[in-house]
Amino acid sequence: MNQRQHFEQLYQSSPDPWAVQTAWYERRKRQVLLGSLPREQYRYGFEPGCGNGETTMALLERCDQLVAADFAESAVLLCNARIQREDRRQLHLQKLQLPQEWPDVPPGGFDLVVVSELAYYLDDEDLAVFSERCLTSLAPGGHWLMCHWRHKAPDLLQNAETVHAQIGASAALQTVVDHRETDFLLEVWERL
Ligand SMILES: C[S@@+](CC[C@H](N)C(=O)[O-])C[C@H]1O[C@@H](n2cnc3c(N)ncnc32)[C@H](O)[C@@H]1O
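Residues numbered from 1 in each chain as written. Predicted model: local features only at pLDDT ≥ 70, side-chain atom pairs only at ≥ 80, totals over all residues. Heavy atoms only, no water.

1. Describing the site of the ligand
Okay, step 1: Around the ligand lies a shell of 17 residues, among which Tyr-11, Gly-49, Asp-70, Leu-98 and Ser-116 are the nearest.
Okay, step 2: A distance of 2.6 Å separates an oxygen atom of the ligand from a polar side-chain atom of Asp-70.
Okay, step 3: A distance of 2.9 Å separates a nitrogen atom of the ligand from a polar backbone atom of Leu-98.
Okay, step 4: Contact with the protein chains hides 96% of the accessible area of the ligand, taken as 590 Å² for the molecule alone. (Near = heavy atom within 4 Å. Polar contact = N/O pair within 3.5 Å; in protein donor to acceptor, adjacent residues only side chain to side chain. Areas by Shrake-Rupley, 256 points an atom, 1.4 Å probe, with all protein chains shown as cover.)

If you want it as structure tokens, here you go:
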């Protein structure tokens, strides 16, 4: 079974496989994530690996336009169902196998990229391509947020520390937020 089929199966067995809608850990983490975004409002946001749309819904309040993508068909359908009809004009939801498939980048780039609990599912090669594409899709002065759980799970191909250290080492980025706690890492970088 490949990674996409694995996630598809998870969404088939539950519409909320990580209890992002109900678990206090997930609800609190989302508040930390939203509170860590340096600007109140962004023009063009990109949320790769949007899952069932819980963070997507909150990001719509902070972005004029938001591109959200996931490779699991069920996740895209759940995300679409989660978003209020009136917010759908702002949302460009796509089924994409990242990083091989990538959304159109707005003129000048996204000014926000939010990668929540995604990058550690990528193998070394895909992670390198994904990171490069996130960076080149980001406008100068734009913010790139990454948030990852710090513990082990059988389907994780990377650990949070390695992934964050790799991104943070880029000379094109400056750290704006560095939040570390027992269970997750959350960092925001600004593109120079
Ligand atoms: C743990 S969930 C996180 C969902 C959401 N970002 C959050 O924090 O609640 C990971 C999501 O990433 C998606 N995903 C994993 N690898 C992907 C890839 N290569 N391309 C697109 N989506 C991917 C999965 O289908 C799943 O919905």
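2. Overview of the pairing of strand β1 (residues 42-48)
Okay, step 1: Buried residues dominate β1, accounting for five of its seven residues.
Okay, step 2: Two strands pair when backbone bridges link them, and β1 and strand β2 (residues 63-70) are joined in this way by six bridges, in the parallel orientation. When the bridges of β2 are listed, Phe-46 appears paired with Val-67.
Okay, step 3: At this point the chain moves from β1, through helix α3 (residues 54-60), to the parallel β2, and the crossover so formed is right-handed.
Okay, step 4: In this structure, β1 lies alongside strand β4 (residues 110-116), joined through two bridges in parallel fashion. Bridge pairing in β4 links Phe-46 to Val-113. (Buried < 20%, exposed > 50% of the residue type's maximum accessible area, 1.4 Å probe, protein only. Helix = DSSP H or I, 4+ residues; strand = E, 2+ residues; numbered from the N terminus. Pairing = 2+ DSSP bridges. Right-handed = clockwise from strand over helix to strand, strands pointing away.)

Just distances and angles here, no functional claims.
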